[in-house]
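# Analysis of the macromolecular model
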Amino acid sequence: MKTKRIAIYPGTFDPVTNGHLDIMRRAVSLFDHLIVAVALNPKKNPLFSIDQRVSFITESTRNINNIQVLSFNNLLVDFVEANKAVAIIKGLRAVTDFEYELQMGIMNRNLNESIETLFMIPSQEFSFLSSSFIKEIAKHGGNIGKMVPKNVVSAFKKIKP
Ligand code: COA
């Protein structure tokens, strides 16, 4: 029997954006199974709890087959190995992402030689998006409706003073 080819798409996803969802749709078509790995990442001091971040993605990917959303709080390469995945997917929006992503990719390869990092390009309309921009725009009452899924828009409405 053919072994399933599993990929991991990690991130903080605070919150998930339409750009992240675009990468998920593209990545799942290349593998048998995609695990979206939501990092607890306390050093980023996330606005949304880990459970919220996981459930935003779970709800938004309900109509996509072969996607699973999990949280993690250990080394990414260990999480990848524990889930028998072969690749890490990262989205590259602009050249500015590249240096940092290259460093992380090389560090992860040093930690585990057998795991490949694949960089994917989101659709051009999402190439300017970032979770920090979304939080900034939402905080000032701007319209984020075209940039994030509906459940994220609703969550921001609830936390607005
Ligand atoms: N659309 C929109 N935004 C995107 C995007 C896309 N397609 N791709 C990336 N981004 C944005 C994110 O929204 C985020 O923006 P922000 O900084 O404004 O919040 C930014 O790009 C990337 O942030 P994040 O999701 O936190 O990813 P990261 O590249 O900083 O890495 C982990 C996060 C979880 C992968 C990394 O910290 C990790 O591996 N942690 C586990 C511990 C570990 O193994 N450490 C050693 C690593 S060498």
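Attention in this report is confined to the structure presented alongside it. (Residues numbered from 1 in each chain as written. Predicted model: local features only at pLDDT ≥ 70, side-chain atom pairs only at ≥ 80, totals over all residues. Heavy atoms only, no water.)

As a further point, take the pattern of salt bridges. Side chains carrying opposite charge are able to pair once their charged atoms draw close together. Counted under the stated rule, the structure contains five salt bridges. Of the charged contacts in the structure, one is a salt bridge between aspartate 14 and lysine 135, with a shortest N-O distance of 2.7 Å. Of this pair, aspartate 14 sits in the loop between strand E1 (6-11) and helix H1 (18-28) while lysine 135 sits in helix H5 (residues 131-139), placing them 121 residues apart in sequence. Relative accessible area serves as the criterion here: at 4%, aspartate 14 is assigned to the buried category. Judged by its relative accessible area of 24%, lysine 135 falls in the partly exposed class. A salt bridge links arginine 109 to glutamate 116; the nearest nitrogen and oxygen atoms lie 2.9 Å apart. Residue arginine 109 is classed as partly exposed on the basis of its relative accessible area, which comes to 40%. (Salt bridge = Lys/Arg side-chain N within 4 Å of Asp/Glu carboxyl O. Helix = DSSP H or I, 4+ residues; strand = E, 2+ residues; numbered from the N terminus. Buried < 20%, exposed > 50% of the residue type's maximum accessible area, 1.4 Å probe, protein only.)

Looking now at the site of the ligand. Contacts to the ligand come from 25 residues, most closely from Thr12, Lys44, Leu76, Ser131 and Ser132. Backbone polar atom of leucine 129 to a nitrogen atom of the ligand: 3.3 Å apart, as the coordinates give it. Serine 130 places a side-chain nitrogen or oxygen 3.2 Å from an oxygen atom of the ligand. If you map the ligand onto the pockets, it falls in the largest pocket. Counting residues per element, the ones that place at least two in the shell around the ligand are E1, H1, helix H4 (95-111) and H5. At five residues, the largest contribution of residues to the shell around the ligand is made by H4. When the residues that make up the shell around the ligand are grouped by side-chain class, the tally is ten nonpolar, eleven polar and four charged. (Near = heavy atom within 4 Å. Polar contact = N/O pair within 3.5 Å; in protein donor to acceptor, adjacent residues only side chain to side chain. 1 Å grid on protein atoms, 1.4 Å probe; cavity = no way out; pocket = protein on both sides within 12 Å on 5 of 7 lines; lining within 4 Å. Sits in = over half its atoms within 2 Å of the grid points. Nonpolar A, V, L, I, M, F, W, Y, C, P; charged D, E, K, R; others polar.)

On to the layout of surface pockets, then. The space that makes up the largest pocket amounts to roughly 1200 Å³. Lining the largest pocket are 44 residues; nearest its centre among them are Gly11, Thr12, Lys44, Lys90 and Met104. Broken down by secondary-structure element, the contributors of at least two residues to the lining of the largest pocket are E1, H1, helix H3 (76-82), strand E4 (87-91), H4 and H5. In terms of residues, the lining of the largest pocket owes the most to one element, H4, which gives nine residues. Its residues placed into classes, the lining of the largest pocket shows 20 nonpolar, 16 polar and eight charged. (Points joined across faces, edges and corners; volume = space filled by probe spheres on them.)

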